[in-house]
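Working through the structure, step by step
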Amino acid sequence: MTISNFALFALASLAAATSIDRERVVGQFNPVRHASSNSTPMQVGNGNFAFGADITGLQTFQPFAIMSSWGWHNFSLPTAPGQSKISDFTGLDWWTHGKLVNYNQPNPAEPLISNWLIQNPQRVNLGRIGFWFEDSNITEAGLSAKSQTLDLYSGIITSEFTVLGSKVKVKTSSDPDSDTVSIQVDSGLIHSGQLGIFFDYPYPIAQKFDAPFVGIWNVTSKHTTALQQSGNKAQITHDIDTTTYYTSIEWQGKGSISGPLPSSHRYILRPASKMGDYLDLSVNFAPKPTNSIPSPKEISRSSTKWWSSYWESGGFIDLTRVKSTNATELQRRIILSQYLLAVNEAGRDPPQESGLVNNGWYGKFHMEMVLWHSAQWARWGKWEIFNRAIPGVYDRFLASSLDRARDMGWKGAKWGKMSDSTGRSAPGEINSLLIWQQPHPFYFAELEYRAFPTRQTLRKWDEVLTRSAEFMADFAWWNETAGHCDLGPPMYPVSENTNPNATINPTFELAYWNFGLSIASLWKTRQNLPVPNTWTHVNSNLAPLPVINGTYAVYQDIPNMWIDPNTYYDHPAMTGICGLLPPSPAFNLTIMKATAAKVRSIWDFKNLFGWDFPMLAMNAARLGDSELSVEYLLDGLFAFDDVGMPIGGVRVPTPYFPSSGGLLLAVALMAGGWDGCGGESRWPAGWDVRVEGFEKAL
């Protein structure tokens, strides 16, 4: 063996000896339940499709949702004259720096079409699958010896219970590559004909928050279902107004499906008498008929392979050697968040706040929240998942965003806010006046370039970044009197709770504008392309970060900062300029420390949203206070339930997944550090933390 080969062998041996046993760490946090939750399911899924289960491994007693990326529904348009077409909507004009600009806001003169555009489309609950018992009076209370475990490393839920004197064992898993769930049942009740499977279908409702259950089940006349079957295969077609989708079912052995039951859309699969103790079936949901679907065993094998690969790739944090209940709880949150985000937020579109569990904001996603959902994929090195939606969503939405900016009199691309999968942004005052989603593409692009510093990466992002920068430079208004470029008014800052006509030069937005335009210029320089003069002029002349009494303010000249409770309510975005963002050249450390201390002492924490706590944790980390970072991530108001679902709190229903994405973003910062940080530990004193696979943050 040569010296060089011996050295490589020695390094490989050392790496093997010191690498983290990820399966051991993950397995310590497999969720276990002994009863159904009234608010959250256990889930299996693949990011584009998810199945929520109650204690039976199906949806027998709790109608948790089956949801997808493609399942959307529109109610019929209004019929009132002048409000019967989307083109009838006119929005509202606001004075903006001496000219009228048309904003995508509900028009009081057009309430019907305005509300229709807000409420449509809604994401659809594709159906419900549960156990049919020959004794129709059975409830969950009639079950005994209930136990349910989610094996995180395989993505398989195993549920066991006793009913009618017999044991039932169920394995539930999801195919990584299709919208198909596998159900494998073992029970003597199958042999005796006392146990089957039901399929049922709800009708959607135009409700902003449709949680914990999605849709209604008692308006059967408003939608239709139809059954076709042949041998051990069946297809149920579900028509809801102009929306149609298909459920394809294949089972092992003999049996038949009947239905629907009277006054319902419920169908029953009954195995043939004396067929045996096993019933295995695959159930696929799709917008078009499906000719073949994977078998239950194939799905189980594929699920195990995919999840094992998922856990073994990218970054990893091991806190299990820390003798602290805080470390154990933080590790639990990290592991379960990694699982749930892969189930709910790894699709072709950015996720809604509640993922594929239930509906919030009609199932639409928010372009300003894409960062909190998706940046963690890049920071944890999960690039295959990151690239499922990013930058694809920006590429797909570019044309409509260019139209939006042009129609408002600006150059470039103005990204929307509350969007559906087509890129249509719902009308709303906040929706149309919020701007902090605009620099997000630069954050994503720079993360990707740091991992893949190639011409391909530069070309991949160039068009989106160029059009984003064009809007940002044109949106900034040259204030002749002040001698600098202003942001706003009118506008809403991150906190969304100020007077938009008085809001000017908010701290976070100014810092983020500087970050975005700096990356835009750097992107051109890397390609040996000229940097537009307007970009340089605006970035060099942005208004100074607003300071009041030695602290960063929500926005310039805000009245009664730190006195009026409205000034220390909602998102403390000022802390994001040193934490989520790297400090800008205009940043002052003394002022930032004073701001962080003031936020800590006075802010209304009871009304924070979930991602505020990770934002505060990142700020504390960059300021060198690792104890406070962990304290924020374990705050009693920043809660996760027994299966890892992030609790919505007083502002929104559960789950609220920006909490999970933010958590993973914050611990990645602590694990990998950031540009310019020293070699000191970024964890609390005495914590023996092992990490793998993290790069430095921006």
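Placed above this text is the structure.
Right, let's walk through the structure included here. Quantities reported herein were computed from a predicted structural model and do not represent experimental measurements.

Observations concerning the packing of helix H13 (residues 507–526) against helix H14 (residues 533–540)
Interaxial distance between H13 and H14 falls to 10 Å at its minimum, and their mutual angle equals 145°. As H13 packs across H14, the resulting crossing turns out to be left-handed. Here H13 contributes Trp 513, Asn 514, Leu 517, Ser 518, Ala 520, Ser 521 and Lys 524 to the contact with H14, which in turn contributes Trp 535, Val 538 and Asn 539. Broken down by class, the residue content of the contact of H13 with H14 amounts to five nonpolar, four polar and one charged.

Focus: the sheet that holds strand S11 (residues 156–163)
An order of S1-S10-S11-S12-S13-S21-S18-S17-S16 is seen for the nine strands of this open sheet, with the pairing classed as antiparallel. Edge positions in the sheet fall to strand S1 (32–33) and strand S16 (224–230), since each has one partner strand and no second. Bridge count between S11 and strand S12 (residues 166–174): seven bridges; the pairing is antiparallel. Residue pairing in the sheet places Ile 157 in a bridge with Thr 172 of S12. Against the sheet, helix H5 (residues 296–312) engages S11, S12, strand S13 (180–187) and strand S21 (278–286), with an angle of about 115° to S13.

Describing the packing of helix H12 (residues 455–475) against H14
Two packed helices can be described by the angle between their axes and the distance between those axes. Two elements in contact, H12 and H14, have axes separated by 9 Å at closest approach and are oriented at 55°. Comparing their axes, H14 and H12 come out oblique. Two packed elements cross with a definite hand, and for H12 against H14 that hand is left-handed. Contact residues: Thr 466, Ala 469, Glu 470 and Ala 473 in H12; Thr 534, Trp 535 and Val 538 in H14. Taken together, the residues of the contact of H12 with H14 sort by class into four nonpolar, two polar and one charged.

Side note on the packing of aromatic side chains
Applying the stated criterion to the full structure yields 39 aromatic pairs. Note on Phe 638 and Phe 640: the rings are 5.0 Å apart at their centroids and 85° apart in plane angle, and the pair reads as edge-to-face. With respect to class, Phe 638 is no different from Phe 640; both count as buried. Positioned over the ring face of Trp 217 is Arg 128, at 6.0 Å from the centre of the ring. Lying across the ring of Phe 198, Arg 266 places its NZ or CZ 3.7 Å from the centre.

Examining H12
With 21 residues, H12 extends 29 Å between its outermost C-alpha atoms, agreeing within 8% with the 30 Å of an ideal straight helix rising 1.5 Å per residue. When the local axis directions of H12 are compared, the greatest deviation, roughly 45°, occurs at Asp 462.

Overview of the pairing of strand S20 (residues 267–271)
Of all five residues that make up S20, four are buried, and the element is covered over most of its length. In this structure, strand S14 (residues 195–200) lies alongside S20, joined through three bridges in antiparallel fashion. Bridging from a neighbouring strand, Phe 198 pairs with Ile 268 of S20. Pairing of strand S19 (residues 255–258) with S20, which is carried by four bridges, proceeds in the antiparallel orientation. Residue pairing in the sheet places Gly 255 in a bridge with Pro 271 of S20.

Criteria and thresholds
- Residues numbered from 1 in each chain as written.
- Predicted model: local features only at pLDDT ≥ 70, side-chain atom pairs only at ≥ 80, totals over all residues.
- Heavy atoms only, no water.
- Axes fitted to C-alpha atoms, helices over the stretch in contact; angles between N-to-C directions.
- Helix = DSSP H or I, 4+ residues; strand = E, 2+ residues; numbered from the N terminus.
- Left-handed = near helix turned anticlockwise from the far one by under 90°.
- Contact = heavy atoms within 4.5 Å.
- Nonpolar A, V, L, I, M, F, W, Y, C, P; charged D, E, K, R; others polar.
- Pairing = 2+ DSSP bridges.
- Parallel < 35°, antiparallel > 145°, perpendicular 65-115°, else oblique.
- Phe/Tyr/Trp six-rings, centres within 6.5 Å; stacked < 30°, edge-to-face > 60°.
- Buried < 20%, exposed > 50% of the residue type's maximum accessible area, 1.4 Å probe, protein only.
- Lys NZ or Arg CZ within 6 Å of the ring centre and 35° of its normal.
- Expected span 1.5 Å × (residues − 1).
- Bend = angle between axes of the 7 residues up to and from the residue.

Geometry only, nothing functional implied.
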